[in-house]
Every structure is written in structure tokens, then in C-alpha cells.
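Here is how the chains run, residue by residue.
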Amino acid sequence: MSRPMSAALALSLFMAVLAHAESAKPDAAKGQALSVACAACHGADGNSAIPLNPSLAQQHPAYIAKQLANFKSGARANAIMAGMAAGLTAEDMGHLGAWYGSQKLRPAPARDSSLVERGRALYRGGDAARGLPACSGCHSPSGAGIPAQYPRLAGQHQDYTVAQLRAFRAGERANDNAAMMRSIAAKLTDAEMAALAEFLAAVR
């Protein structure tokens, strides 16, 4: 094969790889199209109207993609979500993450203001006497989380937050730093879970 032919072939291969990389980049517009199937449970823009279903708007894109992958693999158990994720490719999951991450969260107001201060103290200070760390250490003082590592919790539905804490405590949720979260949740009373959820729903 001549040198000009080899150079042309190398350039062609490089351009093909580049085109694939560009097409694989998360695309919010593609995610919006895919999200039609998710709207009934999570809202058209990721703001869920159903307290037991999480709002996905403004969540970290990489976190959403990871949860979808975990549902698909079974690492996170949920029969409904396993079915929803079964037909998604890794690229689809990235697109959905990009779409929901680009949407503005519209949190509902706190339902019980008397619990907010108690939840704030526990979230930001923990309880050293019981070996309970502050949630803010991983999820940030504002509840914004840390992209790709810890999810945004601020503005989330109270019922969903409590359900996840209970799932960790019962050993039913096995992904997302499960060992650490199970240890933490095991030390929380139902009343403390409710207070944390109320604070997180109220924090902006």
C-alpha cells in the first residue's frame, strides 16, 4: 500500500472515531425525546408531582446516568425502573442525564416547618455521641451534592427521601455507598428521617 493511501486511511479512521465521540456526547435534546416515557412518573421537565417518585430536575447528569445503569444491571432493585431502563443504551442514559440536569427544579414547600430546624441541625452537625456524621460532609451544606459522587438532595420530595433512607436501613438498597449509607440510616429514628427530609425539601 502506498504512503498516500495509508495517510488517507489513517485520516479517515480518525475522522470516524471523532464523529463517533461527538455523537456519543450527552445531548439534552435527545434526552428530552427519550424522557417522554418517563414523564408520567417524573414530570415532563423532571419535576415530579408524585411524592414517592423523585424529582430529577437539576440532578447531576452523571448521577442520573449511573442510577439508570444500576437499575438496568440490577445493582439497584426496582422492578418498574428495571423495565424502563432495560432498553436504554449507555448513550441514552447520558442523554437523559443531560436533559434532566439542565432543567430547573421547582421544589414544593415544606409541609411541617417545626421539623425543619431539627433536620437542619442533624444534617449539618450530625450527632457525635452516636457516631452519626453530618450529611453535609458528602452532600454539601446546601444539599447540592457533589457531581458524579453524591446526589443533589435539596428540594427533593419528603416521602421519597424517607423511603430511600428506610431502604438503606433495611438493606434493600445496595448501590451508592451502600455500606456507609446503611450504617448511617441504622442510627436514625423514623422521626429523624422525617426531620431530615423536611429540611431537605425546604432548603434552597
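Our subject is the structure that appears above.
Residues numbered from 1 in each chain as written. Predicted model: local features only at pLDDT ≥ 70, side-chain atom pairs only at ≥ 80, totals over all residues. Heavy atoms only, no water.

**Q** Please explain unusual backbone geometry as it appears in this structure.
**A** Most of the time, phi is negative for any residue but glycine, and the peptide bond is trans. Phi angles above zero are rare outside glycine, and Gln-58 is one such case at about 70°. As for its placement among the helices and strands, Gln-58 is situated in the loop between α3 (39-42) and α4 (61-73). For Gln-58, a relative accessible area of 28% corresponds to the partly exposed category. Although it is not a glycine, Ala-148 adopts a positive phi angle of roughly 70°. Positionally, Ala-148 belongs in the loop between α8 (136-139) and α9 (158-170). The exposure class of Ala-148 is exposed, given its relative accessible area of 52%. (Helix = DSSP H or I, 4+ residues; strand = E, 2+ residues; numbered from the N terminus. Buried < 20%, exposed > 50% of the residue type's maximum accessible area, 1.4 Å probe, protein only.)

**Q** What is the right way to look at the environment of Met-180 in this model?
**A** With respect to the element layout, Met-180 can be found in helix α10 (residues 178-186). By relative accessible area, Met-180 is classed as partly exposed at 35%. A C-alpha to C-alpha distance of 9.3 Å links Met-180 and Phe-168, two positions 12 residues apart in sequence. Dropping the residues within four chain positions of it, Met-180 is found in contact with Cys-138 and Tyr-150. (Contact = heavy atoms within 4.5 Å.)

**Q** Which parts of the structure should I look at to understand the packing of aromatic side chains?
**A** Each aromatic ring pair is characterised by the separation of its centres together with the angle its planes make. Within this structure, the stated rule accounts for 1 aromatic pair. Both rings, one in Tyr-123 and one in Phe-199, keep their centres 5.4 Å apart while their planes meet at 50°; by these two values the pair is tilted. A residue pair is termed long-range when its members are at least 10 positions apart, and Tyr-123 in helix α7 (residues 113-125) and Phe-199 in helix α11 (residues 190-202) qualify at 76 residues. Exposure class is identical for Tyr-123 and Phe-199. Each is buried. (Phe/Tyr/Trp six-rings, centres within 6.5 Å; stacked < 30°, edge-to-face > 60°.)

**Q** Just to check I follow, could you spell out the pattern of salt bridges for this structure?
**A** Pairing between side chains becomes possible if they bear opposite charge and their charged atoms approach one another. Per the stated rule, a full pass over the model turns up 9 salt bridges. Arg-106 serves as the salt-bridge partner of Asp-45, at 2.9 Å between the closest nitrogen and oxygen. Residue Asp-45 is located in the loop between α3 and α4, and its partner Arg-106 is located in the loop between α6 (90-101) and α7; the two are separated by 61 residues in the primary sequence. What makes Arg-106 exposed here is its relative accessible area of 54%. Three or more residues joined by partner-sharing salt bridges are found here, namely Lys-66, Arg-173 and Asp-176. (Salt bridge = Lys/Arg side-chain N within 4 Å of Asp/Glu carboxyl O.)

**Q** Could you clarify how one ought to interpret empty space enclosed by the protein in this entry?
**A** Regions of empty space are outlined by a rolling probe, equal in size to a water molecule, passed over the atoms. For the coordinates displayed, the defined rule picks out 2 cavities of 30 Å³ or more. What the largest cavity holds in volume is close to 50 Å³. Of the residues that constitute the lining of the largest cavity, the class distribution is 3 nonpolar, 5 polar and 1 charged. In this structure, the second largest cavity is lined by Leu-122, Gly-126, Leu-132, Pro-133, Cys-135, Ile-184, Leu-188 and Leu-196. Residues that form the lining of the second largest cavity fall into these classes: 7 nonpolar, 1 polar and no charged. (1 Å grid on protein atoms, 1.4 Å probe; cavity = no way out; pocket = protein on both sides within 12 Å on 5 of 7 lines; lining within 4 Å. Points joined across faces, edges and corners; volume = space filled by probe spheres on them. Nonpolar A, V, L, I, M, F, W, Y, C, P; charged D, E, K, R; others polar.)

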